[in-house]
Amino acid sequence: MIISFTAIWLILTESITVWSVLVGIAASAVCVFLCRRHLPLKEITGINYAGFAIYLFFLVGQIYVAAFSTIRLIIRGARSEIVEVETKITNDFLRVMLANSITVVPGSVTLSLQGNKLTILMLRDKDADSQDIIMSAMLMKSKLENRLLTAQK
């Protein structure tokens, strides 16, 4: 893990000097130590990690798509609305990932996750009616949820 993190560090800093390598190794070692000590990784079960890794790439794409859509909404005029949707995901870790993913996607924020119900603040076109906003929230949730369901064992 330290070698992998150091390689990522070197790519992100775009520098392969002795100082950069040493700082990368030190920072990576601290990250690995803190993760092993504070994250309950052994308690996370029922996850297909290959499917989850693919989901992360999908999420990055959705963030970019939503960013351009949100820019268009802001220029045209937008309003916000709170909607409630339900999820089919049964794994607690993946439900939290869905809630966090919705928050990371521009134009939406998860306000609450209670069981399988998500309360989402959505940014929508100022002329959209309530039914359009609910359908939009369901579509966004479904895209993310369907990908996360492939990561659920």
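Residues numbered from 1 in each chain as written. Predicted model: local features only at pLDDT ≥ 70, side-chain atom pairs only at ≥ 80, totals over all residues. Heavy atoms only, no water.

Asks: Where do I start with the confidence of the model for the protein chain in this structure?
Replies: The predicted coordinates of low-pLDDT regions are not to be read in fine detail. Confidence in the prediction of the protein chain, expressed as mean pLDDT, is 87, and 99% of residues score 70 or more. Within the protein chain, the lowest mean pLDDT, 83, falls on helix α5 (residues 130–149), and the highest, 93, falls on strand β2 (residues 108–114). (pLDDT = per-residue confidence, 0-100. Helix = DSSP H or I, 4+ residues; strand = E, 2+ residues; numbered from the N terminus.)

Asks: Before we go on, may I ask you to explain the packing of aromatic side chains in this structure?
Replies: Here the distance between the centres and the angle between the planes together describe a pair of aromatic rings. Applying the stated criterion to the full structure yields two aromatic pairs. Taking the centre distance of 5.8 Å and the plane angle of 50° together, the rings of F52 and F93 count as tilted. With F52 in helix α3 (residues 49–76) and F93 in helix α4 (residues 92–104), this pair connects stretches of sequence that are 41 residues apart. Looking at F52, the relative accessible area reads 12%, which means it is buried. With a relative accessible area of 28%, F93 lands in the partly exposed category. Positioned above the aromatic ring of F58 is the side chain of R147, whose terminal nitrogen or guanidinium carbon lies 4.3 Å from the ring centre. (Phe/Tyr/Trp six-rings, centres within 6.5 Å; stacked < 30°, edge-to-face > 60°. Buried < 20%, exposed > 50% of the residue type's maximum accessible area, 1.4 Å probe, protein only. Lys NZ or Arg CZ within 6 Å of the ring centre and 35° of its normal.)

Asks: Quick question: what am I supposed to make of the nonpolar core here?
Replies: Generally speaking, a soluble globular protein has its nonpolar side chains buried in company with each other. Formed by 25 residues in total, the largest nonpolar core has its most connected members in F52, L144 and L148. Where this core is concerned, the elements lending two or more residues are α3, β1 (78–86), α4, β3 (117–125) and α5. Excluding anything up to four places from it in sequence, L148 contacts F52, Y55, I89, L94, M97 and L98. (Core = buried A, V, L, I, M, F, W, Y, C linked by side-chain atoms within 4.5 Å. Contact = heavy atoms within 4.5 Å.)

Asks: What's the story with the side chain of R95 in this structure? I'm lost.
Replies: Residue position: R95 is located in helix α4. Classification of R95 as buried rests on a relative accessible area of 15%. At 3.2 Å, the side chain of R95 and the backbone oxygen of G115 are in polar contact. Beyond its immediate stretch of four places on either side in the chain, R95 contacts T87, I89, T90, L113, G115 and N116. (Polar contact = N/O pair within 3.5 Å; in protein donor to acceptor, adjacent residues only side chain to side chain.)

Asks: Please clarify how the pairing of β3 should be interpreted in this entry.
Replies: The side chains of a regular strand alternate, residue by residue, between the two faces of the sheet. Across nine bridges, the pairing between β1 and β3 is antiparallel. Bridge pairing in β3 places E81 opposite M122. Inspection of the sheet shows β2 paired to β3 by six bridges, in the antiparallel sense. Residue pairing for β3: V109 is matched across the bridge by L121. (Pairing = 2+ DSSP bridges.)

Asks: Explanation requested: the packing of α3 against α5 in the structure shown.
Replies: The description of two helices packed together rests on the angle between their axes and the distance between the axes. Put simply, α3 and α5 touch, their axes get as near as 9 Å, and they point 165° apart. Judged on the interaxial angle alone, α5 and α3 are roughly antiparallel. Crossing of α3 over α5 shows right-handed handedness. In this structure, α3 contributes F52, I54, Y55, F58, L59 and Q62 to the contact, and α5 contributes K143, L144, R147 and L148. Among the residues forming the contact of α3 with α5, the class breakdown is seven nonpolar, one polar and two charged. (Axes fitted to C-alpha atoms, helices over the stretch in contact; angles between N-to-C directions. Parallel < 35°, antiparallel > 145°, perpendicular 65-115°, else oblique. Left-handed = near helix turned anticlockwise from the far one by under 90°. Nonpolar A, V, L, I, M, F, W, Y, C, P; charged D, E, K, R; others polar.)

Asks: Is there a simple way to think about the sheet that holds β2 in this case?
Replies: The strands that make up a sheet pair up through hydrogen bonds in the backbone, lying either parallel or antiparallel. Pairing in this open sheet of three strands is antiparallel, and the strands run β1-β3-β2 from one edge to the other. Here the strands that pair on one side only, and so sit at the sheet edges, are β1 and β2. Strand-to-strand, the axes of this sheet are offset by a mean angle of 20°, without reference to chain direction. Across the sheet, α3 is in contact with β1 and β3; its angle to β3 comes to roughly 55°. Lying over the sheet, α5 contacts β1, β2 and β3, oriented at roughly 60° with respect to β1.

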